[in-house]
Amino acid sequence: MTLSAHRGRWFVIKLGGELLAPGKLAGVAEAIHAFREAGVRVAIVHGGGPQANELTRRLGLEPKQIGGRRVTDEAVLRVMKQALAGEASVDLAAQLRSHGVNVVGLAGVSAGLVDAVKRPPRVITGGPPEPVDLGWVGDVVGVNCALLETLAAAGYVPAISSLSGDAKGNVYNINADTVATRVAAELRAAKLLLVAGVPGVLRDAKDPATRLPRLTPAESDRLIADGVITGGMIPKVQEALGGLAAGIEAVHVCGAGPGQLLAEAAEPGSSGTVFAAA
Ligand SMILES: Nc1ncnc2c1ncn2[C@@H]1O[C@H](COP(=O)(O)OP(=O)(O)O)[C@@H](O)[C@H]1O
Ligand SMILES: CC(=O)N[C@@H](CCC(=O)OP(=O)(O)O)C(=O)O
């Protein structure tokens, strides 16, 4: 299927924090230009986990994650504002601008772009058996699609950091894969592209040659249960499956190297991992 078959539809691109350093986004920019030339609308959601870890340590604290989700007390929430909505957001806009992409950096709290409520304690895959209270971590309850439509119609690419909130002024830290999935579902996106520092889901997390081109929900669940998929890849895969169930047509995990994102979007499974219903 050519890209122009998706004319008028949305592609949502999620960029992990490790990609936001200088020199890593040429392949992503190339893909965004190709998508937009084909009439596809593009929204970005970005993380900033590595930036947050570094700042946390500089403050003399130790980052704590359970099943790929950060335990977020008041001090960590401040770190997230500085690292995610600050450094990561600015670096992303600056890097993509250098490749001619007109990015508008926004936080999920901007104009109720991503509305959230506090996540109640729950059992987390990859965590302890009892329910975990992650602190200032939220669940998405709404997306301001009209703002995204307005920006896209004016020729801009919105880039959302995954700090979300509510009308009372609370701010919640939400995993960026989760926010990207909910934004893509609300936009009825044709594609959700989860771009990471690895080329896809790997049978051996240390060996890029072991990429799995296509995964069903049952195969994915088995890889999590068997401990093949661990850490930050767990929420990514769980969100990919949830996104399919929520009506996103295709969800991909892929790398950011030259040509990788464009190849995966044009030919699913050719350079990343595509999640398919059966
Ligand atoms: N089976 C697997 N295949 C690929 N990566 C895996 C796998 N299991 C664990 N991982 C880890 O998950 C990481 C991706 O998650 P994360 O760092 O949270 O990404 P991002 O910052 O892009 O959201 C990889 O860098 C890798 O270390
Ligand atoms: C609750 C939770 O885990 N939030 C994430 C948000 C940032 C993120 O997801 O960043 P990456 O995409 O770079 O991993 C975190 O604190 O790390």
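For the structure, see preceding data.
Residues numbered from 1 in each chain as written. Chains lettered and ligands numbered in written order. Predicted model: local features only at pLDDT ≥ 70, side-chain atom pairs only at ≥ 80, totals over all residues. Heavy atoms only, no water.

A.B. asks: Looking at this model, I keep getting lost on the overall build of the chain. Mind explaining?
C.D. replies: Within the chain, the secondary structure is distributed over eight helices and 14 strands. For the chain, whose C-alpha radius of gyration is 17 Å, the value lies close to the compact-globule estimate of 19 Å for 278 residues. If one aligns the C-alpha atoms of the chain with their principal axes, the spans along those axes are about 45 × 40 × 35 Å. Within the chain, buried positions represent 53% of all 278 residues. At a minimum sequence separation of 6, the contacts of the chain that also span at least 24 residues come to 74%. Accessible surface, the chain as shown: approximately 11,700 Å² in total, 54% of it carbon and sulfur. Positive and negative side-chain charges of the chain, numbering 27 and 26 respectively, have mean locations separated by a distance of 2 Å. (Helix = DSSP H or I, 4+ residues; strand = E, 2+ residues; numbered from the N terminus. Rg over C-alpha atoms; globule rule 2.2 N^0.38 Å. Buried < 20%, exposed > 50% of the residue type's maximum accessible area, 1.4 Å probe, protein only. Contact = heavy atoms within 4.5 Å. Areas by Shrake-Rupley, 256 points an atom, 1.4 Å probe, with all protein chains shown as cover. Lys, Arg positive; Asp, Glu negative; His and termini not counted. Charge placed at Lys NZ, Arg CZ, Asp CG, Glu CD.)

A.B. asks: When you look at the site of ligand 2 in this model, what are you seeing that I'm missing?
C.D. replies: If you check the shell around ligand 2, you find 18 residues, and the closest are Lys14, Gly17, Arg70, Asn173 and Ala176. Within the side chain of Arg70, one N or O atom sits 2.6 Å away from an oxygen atom of ligand 2. Between ligand 2 and the protein, one listed contact pairs a nitrogen atom with a backbone N or O atom of Asn175 at 3.4 Å. Computed on the free molecule, ligand 2 has an accessible area of 430 Å², of which 91% lies beneath the protein chains in the complex. A majority-of-atoms criterion places ligand 2 in the largest pocket. Looking at the shell around ligand 2, the elements with two or more residues in it are α2 (49-58), β4 (69-70) and α3 (74-97). Here the residues of the shell around ligand 2 sort into six nonpolar, nine polar and three charged. (Near = heavy atom within 4 Å. Polar contact = N/O pair within 3.5 Å; in protein donor to acceptor, adjacent residues only side chain to side chain. 1 Å grid on protein atoms, 1.4 Å probe; cavity = no way out; pocket = protein on both sides within 12 Å on 5 of 7 lines; lining within 4 Å. Sits in = over half its atoms within 2 Å of the grid points. Nonpolar A, V, L, I, M, F, W, Y, C, P; charged D, E, K, R; others polar.)

A.B. asks: Teacher, can you tell me more about the side chain of His252 here?
C.D. replies: Counting through the fold element by element, His252 comes out in strand β13 (residues 250-254). By relative accessible area, His252 is classed as buried at 0%. Within the local environment of His252, its side chain forms a polar contact with the side chain of Glu264, the two groups lying 2.7 Å apart. Residues in contact with His252, not counting those within four places in the same chain, are Lys191, Leu192, Leu193, Leu194, Glu264, Pro268, Thr273 and Val274.

A.B. asks: Help me understand the nonpolar core, please; the structure alone is not making it clear to me.
C.D. replies: Within soluble globular proteins, side chains that are nonpolar tend to cluster in buried spots. Among the nonpolar cores identified, the biggest contains 43 residues, and Val12, Val183 and Phe275 are the most heavily contacted of them. Sequence-distant contacts of Phe275, that is, excluding residues within four places in its chain, are made with Val201, Leu215, Ser220, Val237, Ala240, Leu241, Leu244, Val251 and Val253. (Core = buried A, V, L, I, M, F, W, Y, C linked by side-chain atoms within 4.5 Å.)

A.B. asks: It is not clear to me how the site of ligand 1 should be interpreted in this structure. Could you clarify?
C.D. replies: In the region of ligand 1, 15 residues are neighbours, and Lys14, Leu202, Val228, Thr230 and Lys236 sit closest. Backbone polar atom of Leu202 to a nitrogen atom of ligand 1: 2.8 Å apart, as the coordinates give it. Within the complex, 76% of the 570 Å² of free accessible area of ligand 1 lies under protein. Of the residues in the shell around ligand 1, the class split is eight nonpolar, four polar and three charged.

A.B. asks: Would you mind showing me how to read the sheet that holds strand β8 (residues 157-161) here?
C.D. replies: Picture the strands of a sheet paired through backbone hydrogen bonds; they go either parallel or antiparallel. Pairing within the open sheet is mixed, and its eight strands lie in the order β5-β8-β2-β1-β11-β13-β14-β12. Each end of this open sheet is capped by a strand with a single partner; those strands are β5 (103-107) and β12 (214-215). Sheet topology note: the strand β11 (residues 191-195)/β13 ladder contains five bridges and is parallel. Residue pairing across strands places Leu192 opposite Val251, the latter belonging to β13. (Pairing = 2+ DSSP bridges.)

A.B. asks: Even after reading the chapter, I still don't get unusual backbone geometry, so can you show me in this structure?
C.D. replies: Excluding glycine, residues mostly have negative phi values, and the peptide bonds linking residues are mostly trans. Phi angles above zero are rare outside glycine, and Ala111 is one such case at about 50°. Examined against the element boundaries, Ala111 turns out to sit in the loop between β5 and β6 (114-118). Of note in the backbone geometry, Arg188 takes a positive phi value of approximately 50° without being a glycine. The residue Arg188 is located in the loop between α5 (176-186) and β11 in this model. Overall, Arg188 belongs to the exposed group, its relative accessible area being 64%.

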